[in-house]
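Here's the letter readout for the chains.
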Amino acid sequence: MIAIEVRNARKTFKAGKRTVVAVDDVSLSVPEGGVMGIVGESGCGKSTLARLVLGLLPADSGDIAIDGQRLADLDRKARARLIQPVFQDPFASLNPLARVRDIVAMPLVAQGRFGKADITKTVQEMLARVGLGKEMGGRLPSELSGGQRQRVAIARALVLRPRIVVCDEPTSALDVSVQAQILNLLAELRRDLGLTYLFISHNLAVVEHVASEVAVMYLGRLVEREPTETLFAAPEHPYTKALLASVLTPEPGLGVPDVGLGDTLPDPANIPPGCRFHPRCPIAEPRCATTTPPLKPRPNGGVECLLA
Amino acid sequence: MTALLEIEKLEVTFGRTAAVRGASLAVAPGETHCLVGESGCGKSVTALSVMNLLVRNARRRAERLAFQGEDLLKLSDSGMARLRGNAMAMIFQEPMTSLNPAYTVGSQMTEVLRRHKRASQRAATDRAADLLARVGITAPGMRLGQFPHQLSGGLRQRVMIAMALMCDPQLLIADEPTTALDVTVQAQILRLLAGLQRDLGLGLLLITHDLGIVARVATRVSVMYAGEVVESAPTAELFANPRHPYTQGLLRCVPVPGKIRRDQPLGAIPGTVPRVGPDFEGCAFRERCDFADETCKHAIPRHHASTAHDFLCRLPA
Ligand SMILES: Nc1ncnc2c1ncn2[C@@H]1O[C@H](COP(=O)(O)OP(=O)(O)OP(=O)(O)O)[C@@H](O)[C@H]1O
Ligand SMILES: Nc1ncnc2c1ncn2[C@@H]1O[C@H](COP(=O)(O)OP(=O)(O)OP(=O)(O)O)[C@@H](O)[C@H]1O
Ligand code: SF4
Ligand SMILES: [Mg+2]
Ligand SMILES: [Mg+2]
């Protein structure tokens, strides 16, 4: 069973007179129970892709299906029962004036078909499930730590028992210890509830830890996709290689590496011809500037590079 | 060389909550002092105390708080406004709360320079575009005309960084400046800052929970826990020989690429940081510490592991 199926999705934004291509003909599928990690440069379109999959933004073109049903055929309530988000900034995404128990109850209330007693019970169970004690139910978001807020966001996302959770940088606002607690919780919930995750993160070690497959995004396109072990052991796309080489491991004295991408980042309103990575690619050849690389299939993935 | 920034025995309380409890640290020109510690430990409050940007109900006290030898505790509001964003700049933890949604990136960036340096609009715009390019933003002209909500998280964060650099500060306090950035852009920003440190002697107080960044760029590291600096040491020494049980726990939580087992949970320190009042006594970590005993409920000595390395724990040096 395929949990998330994206076919040729495209999304553009207007910026003054220019058009930013945020997601450019992206296709991807995530099997039920899988964790698809998405990594890539900031501004390359990861959050836009997430919002397309969540149905929060309409695609310009392409098809998106979740749990076998076309997104376009689902109404809001049905969608909410299937797929839910967890965002980076738990503070911005929680209503500051609502108590924790009401925040978590919101999705149930919005369905309009659960009784009060039912809701109270489900919320209690959910709070306990994410490790928040009973007394937390009465608190306001401002009275919680960052990790606790993210637990509230997770409880809210899971209270309708969705099949799929889209996590957009769920731990980047958290310190390492709380990050570990939240990642362990997400892993446990996935095992116990059979969830599928789309997991966006800038932290490659985190992605390596949680994802079963990884897609690398560059300037609106998925340029490489592989099972996690393969991608980390033998990256093929030069951008993936640069990304992995830029990871700062906690080893003092090594300094910050310069991986040779140059300091000029790409302009999403002016996508280079040929391979879109060629102006920054350390191994580019003349043909890279003119020929668009086709997807080269691999046993369990693929890569878009002429030289791979 | 005299320190750029000196903080001695800083205390900050919000009513019955003691957010910072006797924290001391210093930043020298060209140095990078990293401040780490769990969420809610008082890192941001420490930074905001220096900038005198605490909320009204906060109480700030210190034995000394000085910038380039000038006593910040005695400085008037207008004196402080003259330094802030100018010789002493800060990158805030939440770009969305510190960028004004109603103004374009360009007008917010140029305003800083026009206020402090009386630059012309033209010169200010050029400077803003140049800095946006240096933090890796292409088509800076287009970005100057956009509003904050039209930018991705990482773009917003880089706008904040560029804005803080507008007036060539001597001290930069950066609160989680790269959390929204991918690792290649992060490396670019860190190299840019290192260049400014080398060329202009910029001193950096860097708050981050990314111990990879700390290891690679810090000269010295201070670890905060429940408002106290529980350990402080030169970087290599801290990583090689962490002495406080909390520091040891933090270092165990870092997922190291290549050494990751997906079927195993990550190391975590169970529990959360306690909220403590102003008269809390003993070690605030004791509820979570494997080494805690009765003595941890009473005043804890500060031990020296070496001249430059101290920690606050009952365990012997
Ligand atoms: N509402 C919008 N209006 C105009 N442009 C937008 C809007 N939302 C996103 N964009 C543009 O689309 C591109 C992709 O943005 P997106 O937020 O998807 O990036 P991202 O990969 O999530 O980046 P980050 O890692 O920094 O969060 C960027 O150039 C951004 O400026
Ligand atoms: N305006 C405020 N009113 C009351 N308490 C506050 C206020 N601001 C901060 N605090 C409290 O002060 C303590 C320290 O907060 P601070 O923001 O400095 O933490 P931090 O170390 O920066 O954490 P993080 O890593 O999550 O950013 C926390 O217990 C927090 O709840
Ligand atoms: S003082 Fe006690 S409780 Fe605190 S870190 Fe040391 S051993 Fe643990
Ligand atoms: Mg994003
Ligand atoms: Mg903070």
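Read on for an overview of the structure. No experiment lies behind these values; they were computed from the predicted model shown. Every chain's residues receive numbers from 1 upward, in the order its sequence appears when written. Following the order in which they are written, the chains are lettered starting with A and the ligands numbered starting with 1. Since the coordinates come from a predicted model, pLDDT governs what is reported: local features require at least 70, and pairs of side-chain atoms require 80 or more to be given and counted, while whole-chain, interface and lining totals use all residues. Hydrogen atoms and water are omitted, and side-chain values are computed over all heavy atoms in the structure.

### Focus on the site of ligand 3
Then, in step 1: Whether a residue is near a molecule or strand depends on its heavy atoms: it is near if one of them lies within 4 Å of it. As a matter of local geometry, ligand 3 sits amid H244, P245, C283, F285, R286, C289, F291, A292, C296, I300, C313 and R314 of chain B.
Then, in step 2: Residues are grouped as follows: Ala, Val, Leu, Ile, Met, Phe, Trp, Tyr, Cys and Pro are nonpolar; Asp, Glu, Lys and Arg are charged; all remaining types, including Gly, are polar. Split by residue class, the shell around ligand 3 holds 9 nonpolar, 1 polar and 2 charged.

### Some remarks on the interface of chain B and chain A
Then, in step 1: In what follows, a contact means two residues having at least one pair of non-hydrogen atoms within 4.5 Å. The partner chain A presents 60 residues to the 58 residues of chain B that form the contact.
Then, in step 2: Accessible-area loss on putting two parts together, using a 1.4 Å probe and summing over both, is the definition of buried area adopted here. Across the chain B to chain A interface the summed buried area is about 4,500 Å²; carbon plus sulfur atoms make up 59%.
Then, in step 3: Helix numbers and strand numbers start at the N terminus; a helix is a DSSP run of H or I with at least 4 residues, a strand a run of E with at least 2. Counting residues per element, the ones that place at least two in the side of chain B that touches chain A are α6 (140-144), α7 (153-165), α8 (183-200), α9 (211-217) and α10 (235-240) of chain B.
Then, in step 4: Per-element accounting of the side of chain B that touches chain A gives the leading share, 8 residues, to α8 of chain B.
Then, in step 5: Across the side of chain B that touches chain A, the residue classes break down as 28 nonpolar, 19 polar and 11 charged.

### A few points about the sheet that holds strand β10 (residues 221-227) of chain A
Each strand in a sheet pairs with its neighbour through backbone hydrogen bonds, running either in the same direction (parallel) or in the opposite one (antiparallel).
All names here are of chain A.
Then, in step 1: By this definition, two strands are paired if DSSP reports at least two bridges between them. With mixed pairing, 8 strands are arranged side by side in an open sheet as β6-β7-β8-β3-β9-β10-β12-β11. Either end of the sheet is taken by a strand with one partner, and the two such strands are β6 (83-86) and β11 (296-298). When strand polarity is set aside, the average angle formed by the axes of neighbouring strands in this sheet is 25°.
Then, in step 2: Sheet topology places strand β9 (residues 213-218) next to β10; 6 bridges connect them, and they run antiparallel. Residue A215 lies in a different strand from β10, and its bridge partner there is R225.
Then, in step 3: Packed on one face of the sheet, helix α6 (residues 146-158) meets β6 and β7 (164-168) and runs near 170° to β6.
Then, in step 4: Fitted lines through C-alpha atoms give the axes, limited to the stretch in contact for helices. The angle between two N-to-C directions lies from 0 to 180 degrees. In the packing of helix α7 (residues 176-193) onto the sheet, the strands contacted are β3 (35-40) and β8 (196-200), and the crossing angle to β8 comes to about 155°.

### Structural notes on the site of ligand 2
Residue and element names in this part refer to chain B.
Then, in step 1: In the neighbourhood of ligand 2, 13 residues make up the surrounding shell, with S39, G40, K43, S44 and Q93 lying closest.
Then, in step 2: One nitrogen or oxygen atom from the main chain of G42 is found 3.0 Å from an oxygen atom belonging to ligand 2.
Then, in step 3: Working definition of accessibility: Shrake-Rupley area with a 1.4 Å probe, residue cover restricted to the visible protein chains. When isolated, ligand 2 has an accessible area of 640 Å², and the protein chains bury 71% of it.
Then, in step 4: Ranked by residues supplied to the shell around ligand 2, first place goes to helix α1 (residues 43-51) with 3 residues. Here a polar contact is recorded for every N or O atom pair within 3.5 Å, except that within protein the pair must consist of a potential hydrogen donor and a potential acceptor, and residues adjacent in sequence are included only if both atoms are side-chain atoms.

Geometric values such as these leave the question of function open.
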